[in-house]
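Chain by chain, the residues:
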Amino acid sequence: MKTEVLRATGITKYFYEPEKFQVLKGIDVQVNKGEFVALVGKSGCGKSTLMYVLSTMDTQYEGELVVAGEKLKNWSQNQLAAFRNKHIGFVFQFHYLLPEFTVLQNIMIPALKLNRWQESEVEERAYTKLKMLGMQDHALKVSAKLSGGQQQRVAIARALINEPDIIMGDEPTGNLDSYNTQLVFDIFKELTDVYHQSIIAVTHDEEFAAKSSRIIEMADGKIIH
Amino acid sequence: MKFTSLKLSAGIAKTQLLSKPRQTLVAMLGVTFGIGMFIALISMMTGLNKLTEDLAMTSSPDIRMYYDISPDRKSIAEFINPQGLTITHHQKPKNESLKVRNAKQIAEQIRKRPNVKGASILLNSQVFYNYGPVQLNGTIAGVDILEEDKLFDLTHKMKEGRIENLISNPDGIIMGTGLAKKLRAKTGDRVVITTPQGFTQTLKIVGLFQIGIGIVDNTRSYANLSTVQTILQKDKSFITDVNVKLYDYTKAKELAPVLQKDFGYKAEDWETANATLLVGAIIRNIITYAVSITLLIVAGFGIYNILNITIHNKMKDIAILKAMGFSGPDVRSIFMIQSLVIGFFGSLMGLIFGLVFSYLISLAPFNGGDIISITHLPVNFNPLFYVIGIVFGVATTAIAGYMPSRKAAHVDPIEILRG
């Protein structure tokens, strides 16, 4: 039996600007542990909107969302922030590293926020993640000095530092060349296969999607495949 | 919020401040300038205020009791016909004596009261000073010079001669330096004194004093009480004033009405007597605070502006921090800490700047001329101003930083991250 890390039932969402428009029409999604789910679809089909609902950052929706066994309805923003810190890792199209900080510090910040481990242990863990991604030599560089592919790998290490139940990606390879896209994909593949990390990622890249373990295709606010 | 979160916010705040040292320094300098000017201004202004107050204190007693000529009195017609309507045109004042009766006993009684340092009796009169062809209007005070010295510390205000000279010279006089200068008279010279009643007497200058206020030094002389009584052709009990000095001069305003009620003579406190001098002090205080607050508000707007720009530039960072689990208060504290650090160190530099600046002011030569005898601008180095300065500085930056920080706390990460 597979462990379920994320389940969304009947997710419905409206946009009110510029006029009322139903962007998500009763969506059911389920992600199991160790699954690599790609969320695909045309622009405007609502896949990113769904991703942000699943990420707990967007709270304006109807339906039920359960992540890591927690029902997340009617939680306060601050509670949700603490929840994300503990259970969800993020990789976006852009790396969003803090430019003044070193690579190591960037990775350590979410763990220091979580405050589960001592600072020395956090540093050790950050090094482990960097080694896993082949970035240990760049640990003490300021993040702004790295190349795009390197920055994205640091962002992945940062997403992994708190050992989240699920990693969410919004076009994680959207801003990378084919070499780095391949690299990031390999990392994701390794994470799911070796470490049983659950991943859900929105992508345009069909090649990238084709290599995932499951594809969810959306159109007009519904899952069609 | 947990301490560890605050520590992490502080760490992020520190890194962000240090990564833009020039911008941080400019923001700090705004506060520095505001606080520095506040310190310098208030030190100088209160220095001046203290000087005028001191001068007022040295030249006038804390409380002066005298017979107040009352302009209004009932006409005799009113006494005869109390029920009727009586109008007296062009009523002239009665010939009243300025004498304070039982002055010695009054002084003795006042001395027994708590908080009273001393009480002295004196005889004040308008006189003309004649020296050669020069004739000057002034006053003469007949005093027990040793008692007067206790109250006003005349010993230390003598420029020439000693106060004891007056005791050994029955027809001696101690003259204000300004008056002596106008008369071109020196110690040892004789001056002729004419009273308003037309009596004249020749007195010998045995000493010169300088209190530091033009209106006193240019008009007043001291002589023995009996000498002045003789000049005025009055009896030995003729006294016009009882002067009272207190240990705490701020209590004068409360005590004066009590004395007036108890002894039946007008009792005037030093603040009322020197109201014109002290009005200047109030105006100086208003100017000081108005200018300082203006400077601080300008500095506050500077910080508000810089923080707003910083937050605008850091939108992406704020969004990712919130995505990764930083709550609104966590983000707000990052920026509040930045503005408080700017405020605190800016104020601290301001205190140093203010201290140096007020020290330089205290070195500046300043000629008070005939009105007040000072050589340098008086500066008050009161530590309280430095406490007020840093509290003001930090409070201003806290207020200026709060609004942008709150805005940062309310950033919606989705809007930024979706691009």
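Residues numbered from 1 in each chain as written. Chains lettered and ligands numbered in written order. Predicted model: local features only at pLDDT ≥ 70, side-chain atom pairs only at ≥ 80, totals over all residues.

A. Broad picture of the domain arrangement of chain B. Domain annotation for chain B reports domain 1 (3-57 + 277-417) and domain 2 (63-68 + 96-270). Summarising the inter-unit geometry, the C-alpha centres of domain 1 of chain B and domain 2 of chain B are found 51 Å apart. (Domains from an automatic or database assignment.)

B. Region of the structure containing helix H1 (residues 3-19) of chain B. Between its first and last C-alpha, H1(B) extends 24 Å over 17 residues, near the 24 Å set by a 1.5 Å rise per residue. The complete set of buried residues in H1(B) reads B:Leu8, B:Ser9, B:Ile12, B:Gln16 and B:Leu17. The inward-facing, buried residues of H1(B) abut helix H3 (103-114) of chain A together with helix H2 (21-59) and helix H14 (328-363) of chain B. (Helix = DSSP H or I, 4+ residues; strand = E, 2+ residues; numbered from the N terminus. Expected span 1.5 Å × (residues − 1). Buried ≥ 20, exposed ≤ 12 C-beta atoms within 10 Å, placed from the backbone. Contact = placed C-beta atoms within 7 Å.)

C. Looking closely at helix H2 (residues 77-87) of chain A. Regarding H2(A), the residues found buried are A:Ala81, A:Arg84, A:Asn85 and A:His87. The inward-facing, buried residues of H2(A) contact strand S4 (62-67), strand S6 (88-91) and H3 of chain A together with helix H13 (315-323) of chain B.

D. Looking closely at the interface of chain A and chain B. Contact residues are listed per partner, giving 21 residues for chain A and 21 residues for chain B. Listing elements by their share of the side of chain A that touches chain B, those giving two or more residues are helix H1 (47-54), H2 and H3 of chain A. Ranked by residue count, the leading element in the side of chain A that touches chain B is H2(A), at 6 residues. Grouping the amino acids of the side of chain A that touches chain B by side-chain chemistry returns 11 nonpolar, 6 polar and 4 charged. (Nonpolar A, V, L, I, M, F, W, Y, C, P; charged D, E, K, R; others polar.)

E. Representation of the nonpolar core within the structure. In this structure, A:Leu39, A:Leu54, A:Ala157, A:Ile166 and A:Ile200 are the most contacted members of the largest nonpolar core, which totals 115 residues. Top element by residues in this core is H2(B). It accounts for 13 residues. Leave out the neighbours within four places in its chain, and A:Ala157 touches A:Ile107, A:Lys129, A:Leu130, A:Leu133 and A:Met135. Among the nonpolar cores identified, the runner-up in size contains 55 residues, and B:Ala56, B:Met65, B:Val127 and B:Ala256 belong to it. (Core = buried A, V, L, I, M, F, W, Y, C linked by C-beta atoms within 7 Å.)

F. Expanded view of the packing of H2(B) against H14(B). Residue and element names in this part refer to chain B. Remark: H2 packs on H14, axes separated minimally by 6 Å, with the N-to-C direction vectors making an angle of 40°. Judged by the inter-axis angle, H2 sits oblique to H14. Along this stretch, H2 crosses H14, giving a crossing that reads as right-handed. Looking at side-chain class alone, the contact of H2 with H14 contains 16 nonpolar, 12 polar and no charged residues. (Axes fitted to C-alpha atoms, helices over the stretch in contact; angles between N-to-C directions. Parallel < 35°, antiparallel > 145°, perpendicular 65-115°, else oblique. Left-handed = near helix turned anticlockwise from the far one by under 90°.)

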